[in-house]
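Single-letter residue listing:
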Amino acid sequence: MFLKNYRENPRSLFTIFAVLVTVLWCGANITTNAQTTPKRVPMDFTGDGRSDWATIVIPTAATSPLRWKVTGNPAAPGPNNAFQRAFDYGLGSDRIVPADYIGDRKTDVTVWRPGAEGIFYVAQFPIGTGGITLDRAVRWGTTGDNARQGGDYDGDGKADYTVVRVNSTTGNLTWFIKNSTTGAERTVPFGTIGDADTAQIFPGADFNNDGRDELVFVTAIEDTGVVTYFVGDAITGAGVMIRRFGDYNTDFSLAPGDYTGDGRADFVAIRQSTSPATWFINDSATNTTTGRPFGISDPGFAGGSDTPIRGDYDGDGKFDIAVYRRSNATFYYLRSSSNNTIVDGQKAGDPGDTPLAGFQVNF
């Protein structure tokens, strides 16, 4: 299951937030070598090497603002005493695409606005007491594109502006990538939906430990439950890996991340037919799988229980097994730095909020 039935994802394409004055957006600057760099941490708005606790509120109206709520991690001076910032940024019809586009190792508050010319609106996270301001606007893509597939596809330490276009006749996928440093543009054909009942494109992930993300998408057959991951080279479009892992009818498929600490992204499936839910991590290098029970399962995929999320919450360089419990607005995670033996929690947001680290991207 790719979260397609979850209530917190009504638009399915990572839509999200903030109203900046139209004059500000229109007046912003328009910006039209692979090397190994330290791994970026998702949702690390403060740049301290830990994913922050971030939720969003999605309006019912496409023209209403989206509301970001970010709580600092680690909490200082103590648990549940972290700084908090809440602000509007973007509209309900926008796609939310937060990543480090600037290269300062901090996640930037970013939305993509579809149109005849799609535009990425990038803002730096407001740590102080001032408001949020637009840093740059980048024209890329068009209405109908899927814009939540960003990654550092050239290894320069910055996420690249990326949209994926689906050929409605053949089902073939084409990735349009704009280098965030030079503005150089390239088109990379990779993958096809084929006869799959559903498909999902994930953010880029590094499967080779070379500091450069690969392209990732996954397909599923509902009758058999077969889930197949496809990994491709972001420069040439050549296939890197095909891996069958998980069951569409019982599992929640989370975007790949490095859970083992070997510098290579791993595959994740969270089984909802067990109680508690069971996290299965497939080591992409060895093709070995481990399982760990954690979180309240949601066998009906109704979205009312724990939502699996991505991130490194203890700052040890490995992704953690983690969930967001909407009923009490609390993040829970297993410390990978303690061999997954210690459970930590942090209240953030408000009951019913959606965790920013739990969004998926479906067709």
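Along each chain, residue indices are assigned from 1 in the same order as the chain's sequence is written. The model is predicted, so local features are restricted to residues of pLDDT at least 70 and side-chain atom pairs to those at 80 or more, both for listing and for counting; the totals for chains, interfaces and linings are taken over all residues. Side-chain measures here rest on the full set of heavy atoms in the structure, leaving out hydrogens and waters.

**Student:** How should I be thinking about the confidence of the model for the chain in this particular structure?
**Tutor:** Close reading of the predicted structure is inappropriate where its pLDDT is low. For the chain, per-residue confidence averages 87 on the pLDDT scale, and 87% of positions sit at 70 or higher. Taking the mean pLDDT of every element in the chain, the minimum, 30, falls on helix α1 (residues 22-26) and the maximum, 98, on strand β17 (residues 278-282). Note on residues 1-36: pLDDT is under 50 here. Beyond four places in sequence and across chains, it has 141 contacts. As a per-residue measure, pLDDT tells how confident the predictor is, with possible values from 0 to 100. Numbered from the N terminus, helices here are DSSP runs of H or I no shorter than four residues, and strands are runs of E no shorter than two. Note on contacts: a residue pair is in contact if any heavy atoms of the two residues lie within 4.5 Å.

**Student:** It is not clear to me how the packing of aromatic side chains should be interpreted in this structure. Could you clarify?
**Tutor:** Within a pair of aromatic rings, the relevant descriptors are the distance that separates the centres and the angle that separates the planes. Stacked, edge-to-face and tilted labels apply to pairs of Phe, Tyr and Trp rings (six-membered ring for Trp) whose centres lie within 6.5 Å, assigned for plane angles under 30 degrees, over 60, and everything in between, in that order. Counted by the stated rule, this structure contains 22 aromatic pairs. Taking 4.8 Å as the distance between ring centres and 5° as the angle between the ring planes, the aromatic pair formed by Y101 and Y161 counts as stacked. Residue Y101 is found in the loop between β4 (95-96) and β5 (109-113), and its partner Y161 is found in strand β8 (residues 161-166); the two are separated by 60 residues along the sequence. The residues Y101 and Y161 share a single accessibility class, namely buried. Between Y324 and F331, the ring centres sit 4.5 Å apart and the planes meet at 50°, which makes this aromatic pair tilted. Members of the aromatic cluster, joined through ring pairs, are F45, W68, F83, F87, Y89 and F125. Between buried and exposed lies partly exposed: a residue is buried under 20% and exposed over 50% of the maximum accessible area for its type, with that area taken using a 1.4 Å probe on protein chains only.

**Student:** Would you explain the side chain of R326 in this entry?
**Tutor:** Tracing the backbone through its elements, the reader meets R326 in the loop between β20 (322-325) and β21 (330-334). Overall, R326 belongs to the buried group, its relative accessible area being 14%. For the purposes of these results, a polar contact is taken to be a pair of N or O atoms within 3.5 Å, where, inside protein, one atom must be able to donate a hydrogen and its partner to accept one; residues adjacent in sequence count only when each atom of the pair is a side-chain atom. In terms of polar contacts, R326 uses its side chain to reach the backbone carbonyl oxygen of G352, at 2.5 Å.

**Student:** I'm lost on the sheet that holds strand β9 (residues 172-178) in this one. Help?
**Tutor:** Whether parallel or antiparallel, the strands of a sheet pair through hydrogen bonds between backbone atoms. The strand order across the open sheet built from 3 strands is β8-β9-β10, with neighbouring strands paired in antiparallel fashion. Pairing within the sheet leaves two strands with one partner each, and these edge strands are β8 and β10 (185-192). Here the strands of the sheet are splayed against their neighbours by 20° on average, with no regard to which way each runs. In the sheet, β8 pairs with β9 via 6 bridges, with the strands oriented antiparallel. Directly across from T162, in β9, lies its bridge partner I177. Strands are labelled as partners when DSSP assigns at least two bridges between them. A fitted line through C-alpha atoms represents every axis, and for helices the fit uses only the stretch in contact; the resulting angles, taken between N-to-C directions, go from 0 to 180 degrees.

**Student:** I would appreciate a short explanation of the environment of D314 in the present structure.
**Tutor:** Looking at where D314 falls in the secondary structure, it is placed in the loop between β19 (306-309) and β20. Relative accessible area serves as the criterion here: at 9%, D314 is assigned to the buried category. Discounting residues that sit within four places of it in the chain, D314 has contacts with R50, D320, Y333, R335, S336 and S337. Reaching out from D314, the side chain makes a polar contact with the backbone nitrogen of D316 at a distance of 3.4 Å.

**Student:** Is there a simple way to think about unusual backbone geometry in this case?
**Tutor:** Generally, phi is negative for residues other than glycine and the peptide bonds are trans, each holding for most cases. Backbone torsion omega between N73 and P74 reads 5°, so that peptide bond is classified as cis. With respect to the helices and strands, P74 occurs in the loop between β2 (65-71) and β3 (84-91). The step from S275 to P276 runs through a cis peptide bond, and the omega angle for that step is 0°. With respect to the helices and strands, P276 occurs in the loop between β16 (266-271) and β17. The backbone phi angle of M43 is positive, close to 60°, even though this residue is not glycine. The backbone phi angle of N209 is positive, close to 55°, even though this residue is not glycine. Inspection of the secondary structure assignment puts N209 in the loop between β11 (198-205) and β12 (214-220).

**Student:** What is the right way to read the nonpolar core from this model?
**Tutor:** The nonpolar side chains of a soluble globular protein tend to be buried, and buried together. Only buried residues count toward a nonpolar core. Its members are Ala, Val, Leu, Ile, Met, Phe, Trp, Tyr and Cys residues joined through side-chain atoms within 4.5 Å. Counting residues in each nonpolar core, the largest one holds 30 residues, and the members touching the most others are F45, W68, Y89, V109 and L356. Those elements giving two or more residues to this core turn out to be β1 (53-57), β2, β3, β5, β6 (119-123), β7 (134-139), β20 and β21. Formed by 16 residues, the second largest nonpolar core is a distinct cluster that contains V218, Y229, F245 and Y248.

**Student:** Got a minute to help me understand the pairing of β2 in this structure?
**Tutor:** When a strand is regular, its side chains alternate between the sheet's two faces. Across the 7 residues of β2, 5 count as buried, placing the element largely inside the fold. Two elements, β1 and β2, share 5 bridges in a ladder whose sense is antiparallel. Residue pairing for β2: I56 is matched across the bridge by W68. Pairing geometry for β2 and β3, over 6 bridges, is antiparallel. Its bridge partner being in β3, P65 is matched across the sheet by L91.

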